[in-house]
Amino acid sequence: MEKTTLFDKIWDSHVVKSVPAGPDVFFIDKHFIHEVTSPVAFLNLEKRGIGVKNPSRTVATPDHNVPTVDQDKTIKDKLSRMQVERLRENCAKYGIELHDLGSAHHGIVHVIGPELGITQPGMTIVCGDSHTSTHGAFGAIAFGIGTSEVEMVLATQCIMQSKAKKMRITIDGVAGPGVTSKDLILYVIAQISAAGATGYFVEYAGSAIQSLSMEARMTVCNMSIEMGARGGLIAPDETTFEYLKGKQYSPKGEEWDKAVAHWKTLKTDEGAVFDKEYHFDAADIEPMITYGTNPGMGIKVKGNIPTTEGMEGSNKSSYLKSLAYMGFEPGEAIKGKKVDFVFVGSCTNGRIEDIRSVASYVKGHKKADNITAWIVPGSREVEKMAHEEGLVKILEEAGFELRQPGCSACLAMNDDKIPSGKYAVSTSNRNFEGRQGPGARTMLASPLTVAAVAIAGEICDPREVFQN
Amino acid sequence: MAYDKFTVLTSTAVPLPTDNVDTDQIIPARFLKATEREGFGDNLFRDWRYDVEGNPKKDFVLNDPTYSGKILVSGRNFGSGSSREHAVWALYDYGFRCVVSSFFADIFKNNCLNIGVLPVTVSPEFADKLLDTITANPETTITVDIPNQKITLDSTGESESFDINEYKKDNMQNGFDDIDYLLNMSDEIDAFAADK
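Note that this is a predicted model, so its numbers are computed, not measured. The residue numbering used here restarts from 1 in each chain and proceeds along that chain's sequence as written. Throughout, the order in which chains and ligands are written sets their labels, letters from A for the former and numbers from 1 for the latter. Since the coordinates come from a predicted model, pLDDT governs what is reported: local features require at least 70, and pairs of side-chain atoms require 80 or more to be given and counted, while whole-chain, interface and lining totals use all residues.

Remarks on the overall build of chain A
Helix and strand counts for chain A stand at 16 helices and 19 strands. Seen through its C-alpha atoms, chain A measures out along the principal axes to roughly 60 × 55 × 50 Å. Counting other C-beta atoms within 10 Å of a residue's own tells you its class, since 20 or more makes it buried, 12 or fewer makes it exposed, and anything in between is partly exposed; those C-beta atoms are placed from the backbone. A buried classification covers 59% of the 468 residues belonging to chain A. C-beta atoms are first placed from the backbone for all residues, and any pair lying within 7 Å is then listed as a contact. Sequence separation of 24 or more characterises 76% of the internal contacts of chain A that already satisfy a separation of 6 or more. The way it works is that DSSP assigns letters per residue, a run of H or I at least four long becomes a helix, a run of E at least two long becomes a strand, and they are numbered from the N terminus.

Structure representation (structure tokens):
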């Protein structure tokens, strides 16, 4: 029998039809929608005079533009309010499950899907958001789509997609203390560049990946798009099953046993061929931070910003433009740089383990005076756990400001913006120019590094901060 | 929705010789708060185009009257980042019908084809040639020919062929979109979905 990859198995079983010399008609099991990329899709359905084909396969939550304070009150920003209200109207009209602001399971779409057990191995999942790749952590094919495709899924439960090439990234070995899954993925992106996986769907494998918790795996898969990949996935295993067992939408009783038996078959055959393979050793990876304006511009926290040696043409001018934006010089050390803001949150690192990690680190310490520290849980459920576990108290005593769930300062669509020229060390996923507000200078790092920076007030290595 | 038909386009072009132009630059997130598709062109490249007070930045190419046209020629890895289709709506609304680069991000490329903006991938050498020529001679035109899958620098006649699959090629030339196609096969989809 032909040896196939996990990606092949899921993809091929969801192809309704292959268009000759064209894309596949690809069936979608689960569709997540939010307030920003769905309104035009619904509007176009109306213009065409058609409805939603299968409302039970779509789940909605407002997350991108919502305020992170006073969520029980009317949204002040008129345009944000309109988008959220439009989402409510559309969900009510077509009978789509909505986890609205203030409800028990409100949160960032990529946090609540797994939390509720909606995300399951073997599924095809899409959402009008590039970080949909997060759900790949469960052994699902999950990727971001544009609004035209949101419309296609609503109208037909299918999209037209060409099958991506296959890449496997294997990380073996054991990472040292203070090295998190965020460091693993920032390292990988720095190695293969922000466009290095464009055209590919990535499978992450190896002992260092297998040893990660589900939440840590989600962080890795979340950032697949930051190296250009369509998505990333990890074969489901006992860690996956353990996480899903008992979740609200997970199968129950006999159905559970049947599901697990099927999920166990979802892995790449030995000898299956990938179009591209990379191998890394976890022991080589140290706490990472970005210094530029794309996520591929990352270095060890202890490292120096690369010089322009060997660069030419638009490559060099783009690099210098990026450093000029950041206010950095080629060749200088990143450690010791002053920081103004820290942000803990987003679909990359806004889960309970991330908040625990920050709280355990800052417990009994105070943030530096020059730092404004925001912590934004990924969901109401995460917020609730953080309260119940006493983490909120620890964080507030350390000078962090806890806000309500949403995408928040990750993309600054709401009021949570980093002021122009200020430096933020952030657990989010993008350091693009202006991503966290016009003129904002973002450095991406792990929750642990962010915690250390909050205390030290400057870029530092989390392994060194409390040594003295 | 179905869009304009696109067969052959001859136009002057705007050079943007920057690599890794991400969709947050094309249209910043704070301008995504609309419930309709029109009007995004005003904020195309907002933070490169205007300062914080909203005054045009003189050194940005869209503010330079020397350059205009329906074709944007950019550096490598154009359209990376967010899946926001609003980035393509902004380019379209501003007046661009074609973007040329030596390398496009995946989702962006799909989004372009879905609303009828043609992404043309050329070799890095040809991209540099186009950028250098149109920068030096703004009146130079470029011809993009979908039926023959050919892009030509009209002043010198130099050309390259480009890839586009037959299905999308047909869609672009006839102004069809994927939903038209999918709606026509709803019985097949229903039969498939019955097992899922």
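Some thoughts on the overall build of chain B
What chain B contains, in helices and strands, is eight helices and seven strands. As defined in this context, the radius of gyration uses C-alpha atoms, and a globule is described by 2.2 Å times the residue total to the power 0.38. For 196 residues, the compact-globule formula gives about 16 Å, and the C-alpha radius of gyration of chain B, at 18 Å, lands near that figure. The principal-axis extent of the C-alpha atoms belonging to chain B is close to 60 × 45 × 25 Å. Taken across its 196 residues, chain B has 47% of its residues classed as buried.

Overview of the interface of chain B and chain A
Facing 50 residues of chain B, the contacting portion of chain A comprises 59 residues. Broken down by secondary-structure element, the contributors of at least two residues to the side of chain B that touches chain A are helix H1 (23-26), helix H4 (106-115), helix H6 (166-174), helix H7 (178-183) and helix H8 (186-193) of chain B. Among the elements that make up the side of chain B that touches chain A, the one with the highest residue count is H4 of chain B (six residues). Residues are grouped as follows: Ala, Val, Leu, Ile, Met, Phe, Trp, Tyr, Cys and Pro are nonpolar; Asp, Glu, Lys and Arg are charged; all remaining types, including Gly, are polar. For the side of chain B that touches chain A, the per-class residue count stands at 19 nonpolar, 15 polar and 16 charged.

A closer look at the sheet that holds strand E1 (residues 15-18) of chain A
What makes two strands pair is DSSP finding at least two bridges between them. One open sheet accounts for three strands, arranged E1-E2-E8 (chain A); its pairing is antiparallel. With one partner strand each, in any of the chains shown, E1 and strand E8 (158-161) of chain A form the two edges of the open sheet. Going across the sheet, the axis of each strand differs from the next one's by a mean of 20°, ignoring polarity. Where strand E2 (residues 24-27) of chain A meets E8 of chain A, four bridges bridge the pair, whose relative direction is antiparallel. Looking across to E8 of chain A, one finds that Asp 24 of chain A is bridged to Gln 161 of chain A. Every axis corresponds to a line fitted to the C-alpha atoms, with the helix fit spanning only the stretch in contact, and the corresponding angles, defined between N-to-C directions, vary from 0 to 180 degrees. Across the sheet, H8 of chain B is in contact with E1, E2 and E8 of chain A; its angle to E1 of chain A comes to roughly 140°.

Focus: the UniProt feature "binding site: [4Fe-4S] cluster" (unreviewed entry) in chain A
All names here are of chain A. UniProt positions are given in the numbering used here, feature names are shortened, and annotations may be inferred rather than shown by experiment. UniProt records the feature "binding site: [4Fe-4S] cluster" (unreviewed entry) at Cys 347, Cys 407 and Cys 410, using the numbering of this structure. Maximum C-alpha separation among the annotated residues is 8.9 Å over a sequence range of 64 residues, consistent with a single clustered spot. Take Cys 347: it is sitting in helix H12 (residues 346-349). Classification of Cys 347 by C-beta neighbours within 10 Å gives buried; the count is 27. Dropping the residues within four chain positions of it, Cys 347 is found in contact with Ile 108, His 110, Val 111, His 131, Thr 134, Asn 222 and Gly 378. If you trace the backbone, Cys 410 turns up in the loop between strand E17 (400-402) and strand E18 (423-426).

Section: the nonpolar core
The term nonpolar core refers to a group of buried residues, namely Ala, Val, Leu, Ile, Met, Phe, Trp, Tyr and Cys, whose C-beta atoms join them within 7 Å. The biggest cluster of nonpolar side chains holds 196 residues, and the ones touching the most others in it are Val 342 of chain A together with Leu 91 of chain B. Annotation comment: domain bounds sourced from an automatic or database domain assignment. Taken domain by domain, this core gets at least three of its residues from each of domain 1 (6-276) and domain 2 (288-456) of chain A.

Re the sheet that holds strand E15 (residues 341-344) of chain A
Residues and elements named next belong to chain A. Read from one edge of the open sheet, five strands run E17-E16-E15-E18-E19, paired in parallel fashion. Looking at strand neighbours, the two that pair on one side only are E17 and strand E19 (441-444), the edges of this open sheet. Averaged over all pairs of adjacent strands, the angle between strand axes in this sheet comes to 25°, irrespective of strand direction. As judged from the three bridges shared by E15 and E18, these two strands associate in the parallel manner. Residue pairing for E18: Phe 343 is matched across the bridge by Ser 426.

Details of the environment of Asp 415 of chain A
Residue and element names in this part refer to chain A. Structurally, Asp 415 can be placed in the loop between E17 and E18. By C-beta crowding, Asp 415 is classed as partly exposed, having 15 other C-beta atoms within 10 Å. When the C-alpha positions of Asp 415 and Pro 67 are compared, they lie 6.8 Å apart, and in sequence the two are 348 residues distant.

Description of the domain arrangement of chain A
Residues and elements named next belong to chain A. Taken as a whole, chain A is organised into domain 1 (6-276) and domain 2 (288-456). For domain 1 versus domain 2, the distance between C-alpha centres works out to 24 Å. Broken down by secondary-structure element, the contributors of at least two residues to the side of domain 1 that touches domain 2 are helix H4 (109-115), helix H6 (181-192) and helix H8 (214-222). A per-element tally of the side of domain 1 that touches domain 2 places H6 first, with six residues. Of the residues assigned to the side of domain 1 that touches domain 2, the class counts are 14 nonpolar, 17 polar and six charged.

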